[in-house]
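# Examination of the molecular architecture
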Amino acid sequence: MDYIKEIAEFIKIDGVEQGEIIAAVVPAAESAFGDYSLPCFKFSKVLKKSPNLIAAELKESLSASKPDFIEKIDAVGGYLNFTLDRMLFVKATLTDIIARGADYGSSDEGSGKTVCIDFSSINIAKPFHIGHLGTTVIGAALYRIFKKLGYNVVGINHLGDFGTQFGKLIVAYKLWGDKTDIEKNGLKSLVDIYVRFHKEEEDKPELTARAREWFLRIEKGDAEATELFNFFKAITMKEVDKTYERLGVHFDSYAGESFYNDKMQPVIDELKAKNLLEISDGASIVDLSPYDMPPCLILRSDGASLYATRDLATIFYRKKTYDFDKCLYVVAYQQNLHFKQVFKVIELLGHEYYKDLIHVAYGMVSLEEGAMSTRKGNMVYLSDVLDKASEKSLAIIGEKSPDLKNPRETAEAVGVGAVIFGALINNRIKDNVFSYEKILNFDGETGPYLQYTYARCNSILEKAGKIGDADMSSIAGDEAYELVKLLKRYPEVLKSAKENYEPSFVTRYLIDTAQAYNKFYFEYRILNEKQEVKNARVMLTKAAAGILKDGFGIIGIKAVEHM
Ligand code: ARG
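Heads up: these notes are all about the structure in this document. Residue numbers run consecutively from 1 along every chain, following the written order of its sequence. Totals for whole chains, interfaces and linings use all residues, but because this is a predicted model, local features are given only for residues with pLDDT of at least 70 and pairs of side-chain atoms are given and counted only at 80 or more. Think of the side-chain values as coming from all heavy atoms in the structure, minus any hydrogens and water.

## Observations concerning the packing of aromatic side chains
Our working definition: Pairing of aromatic side chains requires ring centres within 6.5 Å, counting the rings of Phe and Tyr and the six-membered ring of Trp. Pairs whose planes differ by under 30 degrees are stacked, by over 60 edge-to-face, and all others tilted. The helix count covers DSSP runs of H or I at least four residues long, the strand count covers runs of E at least two residues long, and both are numbered beginning at the N terminus. Exposure categories follow from relative accessible area, calculated using a 1.4 Å probe and restricted to protein chains: below 20% of the type maximum is buried, above 50% is exposed, and the middle band is partly exposed. Two conditions define a charge located above a ring, namely a distance within 6 Å from the ring centre to NZ of Lys or CZ of Arg, and an angle within 35 degrees of the ring normal.
Applying the stated criterion across every chain yields a total of 28 aromatic pairs. Seen in terms of ring centroids, Y490 and Y509 are 5.7 Å apart; in terms of plane orientation they differ by 25 degrees. Their pairing is stacked. Of this pair, Y490 sits in helix α19 (residues 478-499) while Y509 sits in helix α20 (residues 504-523); the two residues are 19 residues apart in sequence, bridging distant segments of the chain. Here Y490 matches Y509 in class, with each residue buried. Sitting over the face of the ring of F231, K179 holds its NZ or CZ atom 5.2 Å from the ring centroid. Above the face of the F324 ring, K319 is positioned so that its terminal group lies 4.8 Å from the ring centre.

Next up, the structure:
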């Protein structure tokens, strides 16, 4: 039941449209003011009365005929406050949540619409480092949120697999590379020779020249160059796939920068045809000075394309291939200017869909100084962070629950979950410095705290057995009622998380819900109670557990049954 709508439909004000009333009813700011309110200030002008008088008169006229689900109506300082009948509310809400199960919170608002999400977008032959954590987990959470709301979602890993660095890597490999070693040690070996190349290149400029030649050979499709490039790519993908699997992340497309090698001409042609391309110092640019931006570089003086050129080609391709309603880019805020420029160029080309291109920027994730695990060329590998969090969880679990049956599996779920949650708890734009201490604190606002709460619910449900007739008055007290109200809000939370591209709305909500559940748990006896009382409290536990689990699925952490 949509209470706002039901309440609004019941309110009648002469001279005010019903739609305006629906838009005005809001959840009460504080429980002391009931559950929903209608602020009467905006009707003052039309009715030529004070808000206080309007509220008081409405209270009089409406109270007599109020529907059952409203317990009382009050007028307080220009607000008309509605208090719901708790028992009816609790019963209707819990019955609905339990009946809908995993479907609760889903909707078909996205039906027939496609959203592309460009996220993670790692670079081949470079470390998958902690800097990619934000884009990977934010993108994956948005992916699942849009899916839950009925959208057709295309997750795209726009691989950084193009650029002069691949020429360098080939030269480095030919000089110092050892195939067996690379196959055994993977990415780290590749990064090692790449780092060595950079050092030696400083006094040996001939290396740079050779790297340029090899890069040209890649571009031309030369067999040996292509084979080596594919080998580097395979090594990288094998390794990052393991990390993606641990994080529960999946992509529908890996079309990256090199995929657009032969797809840039239409962009250049169209820019020329629309007189947007200018030559400046030999390079081709789009002048963006009227918009207070530096020019967007399209072709270097030697004719080579740039990052922006590829992104423009990508947009053409995605529009044509997916006909997206929105195309999101989950990329660090350091690239704000890049996306502003690229989107502006699309606008200047006259494509209305420039409005559907959205840069979902996020802040830096880093580990607290001293908490670094492995440093390789100044990079903290994400896989090392996950290993360490998992290892530390194992130690904590060993202490807290020495009898647990599957400690390793649980520790992996808790450790990885802690890292994911740690990266999602704050507003995405904020820089986020975290320590293992903080993210693994079982009593803090953390992944383990959520998982622990879920396991608590689960152990009650395991003991409870089948739920029969329930006495709803036994869960109408404040703590229980606050929890039910929160559970009811889950669908709204998903919607506003989607609207703001903000998975932290979901993580916040889950923390609030877990805290509310724990308050209820400490205030109410659940199992050793009269049958009907027990049934009602178990029902509430079941609804809470269901929503926690669903929310975990959205943000990408595992629901552990025992902890
Ligand atoms: N590979 C790039 C990086 O690591 C991010 C690419 C983002 N996506 C895009 N379409 N530009 O910085």
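## What to know about the sheet that holds strand β7 (residues 277-280)
How we decide: When DSSP finds at least two bridges between two strands, those strands are taken to pair. Only the stretch in contact is used when a helix axis is fitted, and all axes are lines through C-alpha atoms; the angle between N-to-C directions ranges over 0 to 180 degrees.
Judged by pairing direction, the sheet is antiparallel, and its three strands sit side by side in the order β7-β8-β9 without closing on themselves. Either end of the sheet is taken by a strand with one partner, and the two such strands are β7 and β9 (296-299). Between one strand axis and the next, the sheet turns by 45 degrees as a mean value, whatever way the strands run.

## A few points about the sheet that holds strand β3 (residues 70-76)
Defined as follows: Two residues qualify as a contact provided that any one of their heavy atoms is within 4.5 Å of a heavy atom in the partner residue.
Reading across the sheet, the four strands line up as β1-β2-β4-β3 and stay open at both edges, with antiparallel pairing between neighbours. Edge strands, defined here as strands with exactly one partner in the open sheet, are β1 (26-27) and β3. Looking at chain direction, β1 and strand β2 (residues 36-39) are connected through two bridges and run antiparallel. Across the sheet, residue V26 finds its bridge partner in β2, namely S37. Strands β1, β2, β3 and β4 (79-84) of the sheet are contacted by helix α1 (residues 3-10), whose axis makes an angle of about 125 degrees with β4.

## Quick look at the packing of helix α6 (residues 133-148) against helix α21 (residues 531-555)
We apply this condition: Note on terminology: angles under 35 degrees are roughly parallel, angles over 145 are roughly antiparallel, angles of 65 to 115 are roughly perpendicular, and the others are oblique. Charged means Asp, Glu, Lys or Arg here, nonpolar means Ala, Val, Leu, Ile, Met, Phe, Trp, Tyr, Cys or Pro, and polar covers whatever is left, Gly included.
At a minimum axis distance of 7 Å, the contact between α6 and α21 shows a crossing angle of 125 degrees. Here α21 runs oblique to α6, going by the angle between their axes. Contacts from A141, R144, I145 and K148 of α6 reach α21 at D550, G553, I554 and I555. Considered class by class, the residues forming the contact of α6 with α21 number four nonpolar, one polar and three charged.

## Regarding α19
Defined as follows: Given a helix with a known number of residues, its expected span is that number minus one, times 1.5 Å. Given a residue, its bend is the angle between the two axes fitted to the seven residues that end at it and to the seven that start from it.
Taking 1.5 Å as the rise per residue, α19 with 22 residues should run 32 Å; its terminal C-alpha atoms sit 31 Å apart, in good agreement. Along its length, α19 shows its largest kink, about 45 degrees, at Y490, and proline P491 lies within four residues downstream of that point. Buried within α19 we find A480, Y481, L483, V484, L486, L487, K488, Y490, V493, L494, A497 and K498. Where α19 is buried, its residues touch α1, β4, α5 (86-100), α6, α20 and α21. Immediately downstream of α19, the backbone of Y501 shows phi near 50 degrees, a positive value.

## As for the packing of helix α7 (residues 165-176) against helix α9 (residues 187-201)
Taken N-terminus to C-terminus, the directions of α7 and α9 make an angle of 95 degrees; their axes are 9 Å apart at the nearest point. As summarised for this structure, α7 and α9 are arranged roughly perpendicular, according to the angle between their axes. Only L190, I193, Y194, R196, F197, H198, E200 and E201 of α9 make contact with α7, whose side of the interface consists of Q165, K168, L169, V171, A172, Y173 and W176. For the contact of α7 with α9, the per-class residue count stands at nine nonpolar, two polar and four charged.

## With respect to the pattern of salt bridges
Spelled out, the test is: Think of a salt bridge as a Lys or Arg side-chain nitrogen and an Asp or Glu carboxyl oxygen that are within 4 Å of each other.
All told, the structure shown has 29 salt bridges when counted by the stated rule. Of the charged contacts in the structure, one is a salt bridge between R86 and D478, with a shortest N-O distance of 3.0 Å. Linking R86 in helix α5 with D478 in helix α19, this pair joins segments that are 392 residues apart in sequence. Taking the relative accessible area as the measure of exposure, D478 reaches 49% and is therefore partly exposed. The network of salt bridges with shared partners includes K174, R217, D222 and E224.

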